[in-house]
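Fold and contact review
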Amino acid sequence: MPKLQGFEFWSHTLRGARHVVAPMVDQSELAWRLLSRRHGAQLCYTPMLHAQVFVRDANYRKENLYCEVCPEDRPLIVQFCANDPEVFVQAALLAQDYCDAIDLNLGCPQMIAKRGHYGAFLQDEWDLLQRMILLAHEKLSVPVTCKIRVFPEIDKTVRYAQMLEKAGCQLLTVHGRTKEQKGPLSGAASWEHIKAVRKAVAIPVFANGNIQSLQDVERCIQDTGVQGVMSAEGNLHNPALFEGRSPAVWELAEEYLDIVREHPCPLSYVRAHLFKLWHHTLQVHQQLREELAKVKTLEGIAAVSQELKMRCQEEISRQEGAKPTGDLPFHWICQPYVRPGPREGSKEKAGARSKRALEEEECGTEVLSKNKQKKQLRNPHKTFDPSLKPKYAKCDQCGNPKAPQLSCSQGNRCVFSLCRGCCKKRASRETADCPGHGLLFKTKLEKSLDWKGTKPELQEPQTATPSTPGGFSEVMSSALA
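Here the residue numbering is sequential within each chain, running from 1 through the sequence in written order. For this predicted model, a pLDDT threshold of at least 70 governs which residues receive local features, and a threshold of 80 or more governs which side-chain atom pairs are given and counted, while totals over whole chains, interfaces and linings are taken from all residues. Side-chain metrics in this entry use all non-hydrogen atoms of the structure; hydrogen atoms and water are not considered.

Rule in force here: UniProt positions are given in the numbering used here, feature names are shortened, and annotations may be inferred rather than shown by experiment.
The protein chain is annotated in an unreviewed UniProt entry as tRNA-dihydrouridine(16/17) synthase [NAD(P)(+)]-like of Sapajus apella. Recorded in UniProt for the protein chain, the comment headed Cofactor (unreviewed entry) runs: "FMN". Under the UniProt heading Sequence similarities (unreviewed entry), the entry covering the protein chain gives this text: "Belongs to the Dus family. Dus1 subfamily."

If you want it as structure tokens, here you go:
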């Protein structure tokens, strides 16, 4: 059967999917995809997979795709991150029999993508992207698709999309934010960019961004003219989003846990999903938030979820006939999460400030980030006050902290005044000791030489050759005698 392309691929292979669950690292696993499909999702993506690891590691392939084969889980698109045409195609060839299309991630804006040189950080390397898409289009038996972020300029975004289409991309998902828009600086996605791309290309387009309800889905399709709408965070907080429902959280939490028992996945995935589903309720019941963070088994997570359900039902019974009170009067239903932006007083500077700067600013007002709260939960005595952190001088060679400069009464210090790594290299090269770092190259060499000097000499075996007196024949004859 010939490979379908463009709108034919979308209408036949993808069955004209309009409601799409986004690729989400550690979050769009099989169990979550099945839950989403039961509640209105028509197409799902796998979590982003690393092409190079997928090629070299059979266990990675097994854990992330091969063991997750399920007839209910179609149509399915497998997403890879890659920055090498050959590696991308090798990975895609290994995956193409288990999916309906291969997607190239050109939208991840996270720091790990910057370090790994993939995702949205390839969007300026058009020659490389053309080669990757062209090669995949030629070699694969399934279509290749792309998920991108926009440039600030609409016309550049349009040219970018047209370049990908010309290279062989058969479906384009456009996230209407730039790669700088993430975390507290996310802001609203630009549907104007998406609309411009849709008008400029002759392949199906999915929109991504600003989707929190079914009304948003319908409005996005109407405003932009796209073929489908993709949801990520909205789906995580309400998997029934595409049904237009906001059910009780425990209804979907219990259904998800039942699916996980049938299709197991790492406990960290399950915990993360429960934190999203119960997000609003956990703002009210902080103690159970800590319990959910600490439990180590699936049944332990289910027990915490059951306790949250009971507390919500008790609260509902108390509110019958009474006017709801508090900031979250109906926290037990699935509902959108609005990500808080930068503080009001610094909105004009938000575009030029990093997430790290915002976190440091928050620490100054005694508001710890979630990661720091977790660390403090594990170690109540831990402090994040910069003034209490020990100060270390920097290594002259690499800039890392070097050994503390202790007084004689306190102990030894590095004889070279370097960090441990640089000290080890120099001490090995010069056969020297450094008590401050516990390196004893000189001492060990001296002991080795002393041991060799006192070692009894082994008697050398007598050997002879036919060309010398007492040669081989004489030795043999004497031995036989």
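There's plenty left to go through after this.
1. Quick notes on the pattern of salt bridges
In plain terms, the rule: One side-chain nitrogen of Lys or Arg within 4 Å of one carboxyl oxygen of Asp or Glu is enough to make a salt bridge. Each helix is a run of H or I in the DSSP string that is no shorter than four residues. Each strand is a run of E no shorter than two, and both are numbered from the N terminus. For each residue, the accessible area found with a 1.4 Å probe, counting protein chains only, is set against the maximum for its type, and the residue is called buried under 20%, exposed over 50%, and partly exposed in between.
Taken as a whole, this structure holds 14 salt bridges when the rule is applied. In this structure, K156 and D124 form a salt bridge, with 3.7 Å as the shortest nitrogen-oxygen distance. In this pair, K156 sits in helix α8 (residues 154-167) while D124 sits in the loop between α6 (111-116) and α7 (126-139), placing the two residues 32 residues apart along the sequence. A relative accessible area of 25% places K156 in the partly exposed class. Residue E180 is joined to K179 by a salt bridge in which the shortest nitrogen-to-oxygen separation is 3.4 Å. A single salt-bridge network, built from bridges that share partners, covers R33, R37 and D73.

2. A look at the packing of aromatic side chains
Our working definition: Planes of paired rings set the category: under 30 degrees apart is stacked, over 60 is edge-to-face and the rest tilted, where pairs are Phe, Tyr or Trp rings (Trp by its six-membered ring) whose centres lie within 6.5 Å.
The tally for this structure, following the rule as stated, stands at 10 aromatic pairs. Geometrically, the ring pair formed by F7 and W10 is edge-to-face, given 6.3 Å between the ring centres and 90° between the ring planes. One end of the pair, F7, and the other, W10, are both in helix α1 (residues 6-13), 3 residues apart, so they sit about a helical turn from each other. Taken together, a centroid distance of 5.1 Å and an interplanar angle of 70° make the contact between F54 and F80 edge-to-face.

3. Overview of the layout of surface pockets
Which parts of space are left empty comes out when a probe the size of a water molecule is rolled across the atoms. Keep this limit in mind: Of the two site types, the cavity is a set of points on a 1 Å grid over the protein atoms alone where a 1.4 Å probe fits but cannot get out, and the pocket is an open set with protein on both sides within 12 Å along at least five of seven lines, each lined by residues with an atom within 4 Å of a point. Grid points are joined across faces, edges and corners, and a volume is the space filled by probe spheres set on the points. Ten residues, namely Ala, Val, Leu, Ile, Met, Phe, Trp, Tyr, Cys and Pro, are considered nonpolar, four, namely Asp, Glu, Lys and Arg, are considered charged, and the remaining ones, Gly among them, are considered polar. Domain start and stop points were drawn from an automatic or database domain assignment.
The calculated volume of the second largest pocket comes to roughly 400 Å³. Along the walls of the second largest pocket sit 21 residues, with E63, N64, E68, P266 and Y269 positioned nearest its centre. Within the residue set of the lining of the second largest pocket, elements represented by two or more residues are α2 (30-38), β3 (49-50) and α4 (58-64). Among the elements that make up the lining of the second largest pocket, the one with the highest residue count is α4 (3 residues). Broken down by class, the residue content of the lining of the second largest pocket amounts to 14 nonpolar, 3 polar and 4 charged. Looking at which domains feed residues into the lining of the second largest pocket, each of domain 1 (6-246) and domain 2 (258-316) supplies at least three.

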